[in-house]
Amino acid sequence: MKYITKTMLSVVLCMVCTHTMTAQVVNFSMEAEAAAKNTPEGWQEVNLPQLPTFTTDNTFYINDERFGASTSSEDNTKAIQAALDAANKAGGGMVVIPAGEWLSNTIQVGSKTVLHLCAGATLKWIAWGNRSATEGNNFITHKGTPTDVVIEGEGPTSILDGQGGPWWVHYKDDGVKRGNMIRFGNGNRFLYRNFRIQNAPGANLTIGQSGRGAHTTIHDIEINNPDSEASTPSHNTDGIPIWTQYVNIYNCTIDTGDDNVVTDSEARYVHVWNCDFKHGHGASLGSYTVNMHHIIYENLTFDGTGCGFRLKSNIGRSGDVHDIIFRNCTMNNVEAPIWITAWYDVTPDLTSAAQTKTSTTPEFHNILIQNVTASGYTGTRNSNDKKYNGIQIAGRPESPAYDITFDNVQITHRNGVRLFFCKDIKFINGCTFTRTKDNVTVKATDADLSAVMENLHEAEYTWNKTTGINLMTTQQPSSEATTYNLQGMPVNHPQKGIYIQNGKKIVIK
């Protein structure tokens, strides 16, 4: 983890203010975020929060005598909320959680506010038996339609703890609602950095709702909950679910009971990079995939994760899903490295007749899987139509998945490949596949994947043949054709260089 270094002054002040009531200014900067944006070509830049200068007049410690929070209190909700309201009334401010353990229930954050957890500070959600059933279902949420909000810590000892154990046991009981640790469904310009979330009852850090709550930056966050197959599992504890556009996520470590990071309906222009995924369901998309496109997962490591790249949906909850990139990733002991399915939560029915295609039928296309290595799967689960394959792609009879490219992908897995209802699947640039249950390897020089194919049904693919980009010309781009860079991303205003149009390389001078 590469936490932004705070000055020692900040740490000392947080420790001092545990015992005093004088507000001290905590060092605050967003220069590193501005430098790390890493915006893909052709995308709109993610906007950062715009905040006032912090002084003693707009810095509020929750244990100040005006608010009265105490580590000995069984409920600091009113005190913390009062400090947040004071920051909002001041036109923006910083609310500081000093070192120590602080119990609270739902709190609401307004515009131009920083919620700062000092090193050694734990903000803990009041336990299951001490919460009213009528109280909020999110721990930290928004007040009105906020803009310019920061929740930050000083490293992994700055902790949000959801005390989720009882929820994991009772999550299916009548009347029991799983709580989200952080949920902002409205507003713009959010930043989350440098803290740890643990024991979430439900989702950990949920971004947006129905396309609202846009422009979010998340980095150097640790998320930790038990695996969904542990002796005491956590259920539906998604790490970072995304329901909106313009999101940057980087330098995070996520170990949880459901999707590590997942994009859902209305997720667009989402860039995730330099993250470590432990237990969980991987770099996911769906199962709700309405209006989802332009998503990049790259430079990720997976260790013992249930899935690697997972695109999942079904009839009635999808639509046109396109311009998806998964590249430069390494997987170790991953049960299902590449899993694309339009039959979410059911086994693909190979006898199914084509249905009438509608606006919510899954249509998966323009997907690039590039420079990916998967190995070390030590499980003994058999191949089947649902999961536990090295590669599985399952479109619908009425809507085949298409234009999916595997570029320099090396997979070693107990089980092989399944392709159902798909076409224009391309394996290029030296892809290989090893099926360890019978020790069979298909190399780039082999004719096809038949030696490791578990099942092929109404599917077409090419194996390390032509890439479909076989000519190069020097010309101006056509105004009627989409122009792509060599990474497969559309370019609105191409400059000098090499691009792709209509399946051909072109040189623009």
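Residues numbered from 1 in each chain as written. Predicted model: local features only at pLDDT ≥ 70, side-chain atom pairs only at ≥ 80, totals over all residues. Heavy atoms only, no water.

Taken as a whole, this structure holds 17 aromatic pairs when the rule is applied. Between F60 and F67 the ring centres are 6.3 Å apart and the planes differ by 75°, which places this aromatic pair in the edge-to-face class. Ring geometry for F184 against Y192: centres 6.4 Å apart, planes inclined by 55°, an arrangement best described as tilted. For F184, a relative accessible area of 2% gives the class buried. Its relative accessible area of 1% is what places Y192 among the buried residues. One aromatic cluster is present, built from ring pairs that chain together F277, F302, F309 and F326. The residue whose ring lies beneath R317 is Y288, and the NZ or CZ to ring-centre distance is 4.4 Å. (Phe/Tyr/Trp six-rings, centres within 6.5 Å; stacked < 30°, edge-to-face > 60°. Buried < 20%, exposed > 50% of the residue type's maximum accessible area, 1.4 Å probe, protein only. Lys NZ or Arg CZ within 6 Å of the ring centre and 35° of its normal.)

Side chains of nonpolar character tend, in soluble globular proteins, to be buried together. By size, the foremost hydrophobic cluster in this structure holds 106 residues, and its most contacted members are I140, F326 and F406. With 7 residues, strand β27 (residues 417-428) is the largest single contributor of residues to this core. For F406, the contacting residues outside a window of four places in its chain are I338, I369, I391, I393, I425, K426, F427, I428 and C431. (Core = buried A, V, L, I, M, F, W, Y, C linked by side-chain atoms within 4.5 Å. Helix = DSSP H or I, 4+ residues; strand = E, 2+ residues; numbered from the N terminus. Contact = heavy atoms within 4.5 Å.)

All chains considered together, the criterion is met by 24 salt bridges. The partner of K124 in a salt bridge is E101, and the shortest N-O contact between them spans 3.3 Å. Highlighted residues: K124 in strand β6 (residues 121-125) and E101 in strand β3 (residues 100-104), separated in sequence by 23 residues. Take K124: its relative accessible area is 14%, and that puts it in the buried class. For E266, the salt bridge is made with R268, and the minimal N-O distance between the two is 2.9 Å. (Salt bridge = Lys/Arg side-chain N within 4 Å of Asp/Glu carboxyl O.)

Time to look at the pairing of strand β20 (residues 293-303). Consecutive side chains of a regular strand alternate in pointing toward one face of the sheet and then the other. Here β20 lies mainly inside the structure; 8 of its 11 residues are buried. With 8 bridges joining them, strand β18 (residues 268-277) and β20 adopt parallel strand pairing. Within the sheet, the bridge partner assigned to V270 lies in β20 and is I295. Two strands pair when backbone bridges link them, and β20 and strand β22 (residues 320-332) are joined in this way by 8 bridges, in the parallel orientation. Looking at β22, one finds that I296 is bridged to I325. (Pairing = 2+ DSSP bridges.)

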